[in-house]
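Listed below are the residues making up each chain.
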Amino acid sequence: MPHVNIKHFPRGFTEAERADLVERLTAEITRIFRVEPGAVSIAVEPVEPSRWTEAVHAPEIEAKSSLLWKQPNYSQPLPAEGNR
């Protein structure tokens, strides 16, 4: 514990971007939760824009809105791949 799962529209990441994201998230998570880096796990999951509503928005944002510490700032219809 804790585990972070980031869902996003598909795109490529360089090894440097991946390492930077992991380093920064791990640093903040260990600081806030007061755990060792070995306790942190991070998953990064691409989701096609055409599946975003059914795979992410409905089950994780709408259905679990009371758990969100930050609400998204996009309006319906959801952002398309070309205008995110």
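The following paragraphs examine the structure supplied in this document. All values reported here derive from a predicted model rather than from experimental measurement. (Residues numbered from 1 in each chain as written. Predicted model: local features only at pLDDT ≥ 70, side-chain atom pairs only at ≥ 80, totals over all residues. Heavy atoms only, no water.)

So, the overall build of the chain
Each helix and strand counted, the chain has two helices and two strands in total. Tracing the chain from N to C terminus, the helices and strands come up as β-α-β-α. Scored against the burial criterion, the 84 residues of the chain give a buried share of 18%. Contacts in the chain between residues far apart in sequence, at least 24 positions, make up 64% of those at least 6 positions apart. Total accessible area computed for the chain in this model is approximately 6500 Å², and 55% of it derives from carbon and sulfur atoms. (Helix = DSSP H or I, 4+ residues; strand = E, 2+ residues; numbered from the N terminus. Buried < 20%, exposed > 50% of the residue type's maximum accessible area, 1.4 Å probe, protein only. Contact = heavy atoms within 4.5 Å. Areas by Shrake-Rupley, 256 points an atom, 1.4 Å probe, with all protein chains shown as cover.)

Details of the packing of aromatic side chains
In total, this model carries one aromatic pair according to the counting rule given. Between the aromatic rings of Phe 9 and Trp 52, the centroid separation amounts to 5.4 Å while the plane-to-plane angle is 85°, which identifies the pairing as edge-to-face. On the criterion of sequence distance, the pair formed by Phe 9 in the loop between β1 (3-8) and α1 (15-33) and Trp 52 in helix α2 (residues 52-62) is long-range, its members being 43 residues apart. For the pair formed by Phe 9 and Trp 52, the shared burial category is buried. (Phe/Tyr/Trp six-rings, centres within 6.5 Å; stacked < 30°, edge-to-face > 60°.)

Re a nonpolar patch on the surface
There is a patch of nonpolar side chains on the surface, built from Met 1, Ile 32 and Phe 33 and spanning about 340 Å² of accessible area. Residue placement: Ile 32 occurs in helix α1. (Patch = residues over 30% accessible without salt bridge, like charges linked within 9 Å, V, L, I, M, F, W, Y side chains within 5 Å. Salt bridge = Lys/Arg side-chain N within 4 Å of Asp/Glu carboxyl O.)

Some remarks on the side chain of Thr 30
Note on placement: Thr 30 falls in helix α1. We classify Thr 30 as buried; its relative accessible area is 15%. Within the structure, Thr 30 has its side chain in polar contact with the backbone oxygen of Ala 27 (distance 3.0 Å). (Polar contact = N/O pair within 3.5 Å; in protein donor to acceptor, adjacent residues only side chain to side chain.)

Here we look at the environment of Gly 38
Relative to the assigned elements, Gly 38 resides in the loop between α1 and β2 (41-46). What makes Gly 38 exposed here is its relative accessible area of 79%.

Thoughts on the pattern of salt bridges
All told, the structure shown has six salt bridges when counted by the stated rule. Residues Glu 45 and Lys 7 are paired through a salt bridge, measuring 3.8 Å at the closest nitrogen-oxygen approach. You can see Glu 45 sitting in strand β2 and its partner Lys 7 sitting in strand β1, a full 38 residues away along the chain. What makes Glu 45 partly exposed here is its relative accessible area of 33%. When salt bridges that share partners are traced, they join Lys 7, Glu 45 and Glu 60 into one network.

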